[in-house]
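Observations on the three-dimensional arrangement
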Amino acid sequence: MAIYLPETTQSSSGTLTPRQIVAELDKHVVGQTAAKRAVAIALRNRMRRQKLAPELAEEIAPKNILMIGPTGVGKTEIARRLAKLAQSPFLKVEASKFTEVGYVGRDVESMIRDLVELGVDMVREERLEDVRGKAAQNAEDRLLDILLPPARPVAPDDEPDAARDAQQQTRERFREQLRAARLDTRIVELDVREKSFPSFEIIAGSSVEEVDINLKDMLPGLFQGKNKRRKMKVPEALEYLTQEEEQKLIDMDSVARAAVERVEQAGIIFLDEIDKIAGREGSHGPDISREGVQRDILPIVEGTTVNTKYGMVRTDHILFIAAGAFHVSKPSDLIPELQGRFPIRVELEPLGKDEFVRILTEPRNALLKQYMALMETEGIDLTFTDEAIRRIADFAQTVNERTENIGARRLHTVLEKLLDEISFEGPDLEDKTATIDEAYVTRMLADIVKNEDLSRYIL
């Protein structure tokens, strides 16, 4: 049996060449060509694998990627945009929050369970789109039954057809009024199912999910909730009934099967802060058995089977993208087995003034576009001169060099301080046009940047 990616994934990215994938990523992330090439090739190889014979496709494992670079240069954003482009289930986790088996904390298998939950939500949303129209129609009919209860059976000497026609005409008039929002003030009564979850203590060593599954198996009636009569306005009732009808029309068993398959064949996990667990045994540090966490992560990356409440999930073909700054440690400090599971290494370049200028202006969600849109809601026409943009980038680079280098995130702090006055006084301004020029930038930021101690706290 052939292995296929979900239809949506095939149609969206199956036709994209690596060059086109890089071009799509360029719309959101500035620079970092080497990292973009690596993830584009990894995504394209996933598509190539679908076209192979099943026996060979099963043997081809994804080539996991290790991104090395300081904070704020685009590691997470590249992975997130790639997953969005491929419409794949995507999870970002910090390696530092996991603990070795035997210690209290999150076990590494929880990342797969979380990814499956995201996959279920993704497939459910797609199925909802298909049944939304039918569910809305059913909910409307149920609400009309409440507003206009069915007529009593007609007496033998009455005209049954005439009575039925009159009832139908009245019902259609109510339907028109409902759609025209003329019944929005009416109050109706509905039977609403309350969600109940009994409180219990979790035994140490068990995950919440395991306890949850076991209790549901043992006491199926305990989690059903009970019906409660509630009064609500027509729009609220219609929304509740629509959600109820949507759940009836969706086969959750089918959703779960599709989600597990999508996670297995198209899932992407971004493992951040991998350098924080790269210390060897015997090294001095606050973390408990960092090498033990690596040993626990290893089988997940290598390929194992994880038990989730939606069934067994194989991790053999999930793409793992690890990232870390590696200031203190280096990739060779990882245990050899884990190093071998990340064959593609890419180093991301630190960002300078030229990149900051591009980040401020080029991407679809560029920072300056965001601030201009925010001010536009107050009726303020905010513009930035080219000289001002270069000056902002210059200040951001200077602060990064003098203090901690936090990459493009420095632009957020610089812009917030720069636009502090306009943001505060915006609603009260009589002149609704504001132009940020080089002189304004210098006036607002120069003193802070010049004073190193002050810039450490403010920028």
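Coordinates for the structure precede this section.
Now for a quick tour of the structure. Note that the structure is predicted; figures quoted are calculated from it, not measured.

**Concerning the overall build of the chain**
Counting secondary structure elements, the chain contains 19 helices and 11 strands. Within the chain, the fraction of its 459 residues that count as buried is 42%. Surface accessibility of the chain: about 25,300 Å² in total, with carbon and sulfur atoms responsible for 50%.

**Some details on helix H9 (residues 234–249)**
End to end, H9 covers 22 Å across 16 residues, agreeing with the expected 22 Å (1.5 Å per residue, within 8%). For H9, the complete set of buried residues consists of Val234, Ala237, Leu241, Thr242, Glu245 and Glu246.

**Structural notes on the packing of helix H3 (residues 33–50) against helix H5 (residues 75–86)**
Remark: H3 packs on H5, axes separated minimally by 11 Å, with the N-to-C direction vectors making an angle of 30 degrees. Between H3 and H5, the angle is such that the two are roughly parallel. In the packing of H3 onto H5, the handedness of the crossing is right-handed. Contacts between H3 and H5 involve Ala35, Lys36, Val39 and Leu43 from the former and Ile78, Leu82 and Ala86 from the latter.

**Digging into the pattern of salt bridges**
Under the counting rule described, the total for this entry stands at 22 salt bridges. Notably, a salt bridge pairs lysine 309 with glutamate 117, separated by 3.4 Å at the nearest N-O pair. Remark: glutamate 117 occurs in helix H6 (residues 110–147) and lysine 309 occurs in the loop between strand S6 (305–308) and strand S7 (311–314); sequence separation between them is 192 residues. Using a relative accessible area of 39% as the deciding quantity, one classes lysine 309 as partly exposed. Taking the relative accessible area as the measure of exposure, glutamate 117 reaches 24% and is therefore partly exposed. As a salt-bridge pair, lysine 276 and aspartate 275 come within 3.6 Å of each other at their nearest N and O atoms.

**Structural notes on the sheet that holds strand S9 (residues 344–347)**
Sheet strands associate in pairs through backbone hydrogen bonding, adopting either a parallel or an antiparallel arrangement. Within the open sheet, the five strands sit side by side as S2-S5-S8-S1-S9. Their pairing is parallel. In the strand order of this sheet, the two ends are held by strand S2 (90–94) and S9, each with one partner. For this sheet the average axis-to-axis angle between neighbouring strands, irrespective of direction, equals 20 degrees. Sheet topology note: the strand S1 (residues 65–68)/S9 ladder contains four bridges and is parallel. Each bridged residue has a counterpart across the sheet, and for isoleucine 65 the counterpart in S9 is isoleucine 344. Across the sheet, H6 lies against S2, strand S5 (268–272) and strand S8 (319–324), angled at about 150 degrees from S2, the strand it touches most.

**Describing a negative patch on the surface**
On the surface, Glu378, Glu416, Asp420, Glu421, Glu425 and Asp428 cluster together into a patch of negative charge. Broken down by element, the residue count for the negative patch peaks at three residues, all from helix H17 (residues 420–425). Tracing the sequence through the fold places glutamate 421 in helix H17.

**Overview of unusual backbone geometry**
Despite not being glycine, glutamine 87 shows a phi value in the positive range, around 50 degrees. Along the chain, glutamine 87 falls in the loop between H5 and S2. With phi around 55 degrees, glutamate 273 is a residue other than glycine that occupies positive phi space. Relative to the assigned elements, glutamate 273 resides in the loop between S5 and helix H11 (290–302).

**Re the packing of helix H15 (residues 386–402) against helix H16 (residues 409–418)**
Between H15 and H16, whose axes approach to 9 Å, the crossing angle comes to 125 degrees. One finds that H15 runs oblique with respect to H16. Read as a crossing pair, H15 and H16 show a hand that is right-handed. Contact residues: Ile392, Ala396, Val399 and Asn400 in H15; Arg410, Leu411, Val414, Leu415 and Leu418 in H16. Of the residues that constitute the contact of H15 with H16, the class distribution is seven nonpolar, one polar and one charged.

What counts and what doesn't
- Residues numbered from 1 in each chain as written.
- Predicted model: local features only at pLDDT ≥ 70, side-chain atom pairs only at ≥ 80, totals over all residues.
- Heavy atoms only, no water.
- Helix = DSSP H or I, 4+ residues; strand = E, 2+ residues; numbered from the N terminus.
- Buried < 20%, exposed > 50% of the residue type's maximum accessible area, 1.4 Å probe, protein only.
- Areas by Shrake-Rupley, 256 points an atom, 1.4 Å probe, with all protein chains shown as cover.
- Expected span 1.5 Å × (residues − 1).
- Axes fitted to C-alpha atoms, helices over the stretch in contact; angles between N-to-C directions.
- Parallel < 35°, antiparallel > 145°, perpendicular 65-115°, else oblique.
- Left-handed = near helix turned anticlockwise from the far one by under 90°.
- Contact = heavy atoms within 4.5 Å.
- Salt bridge = Lys/Arg side-chain N within 4 Å of Asp/Glu carboxyl O.
- Pairing = 2+ DSSP bridges.
- Patch = residues over 30% accessible without salt bridge, like charges linked within 9 Å, V, L, I, M, F, W, Y side chains within 5 Å.
- Lys, Arg positive; Asp, Glu negative; His and termini not counted.
- Charge placed at Lys NZ, Arg CZ, Asp CG, Glu CD.
- Nonpolar A, V, L, I, M, F, W, Y, C, P; charged D, E, K, R; others polar.

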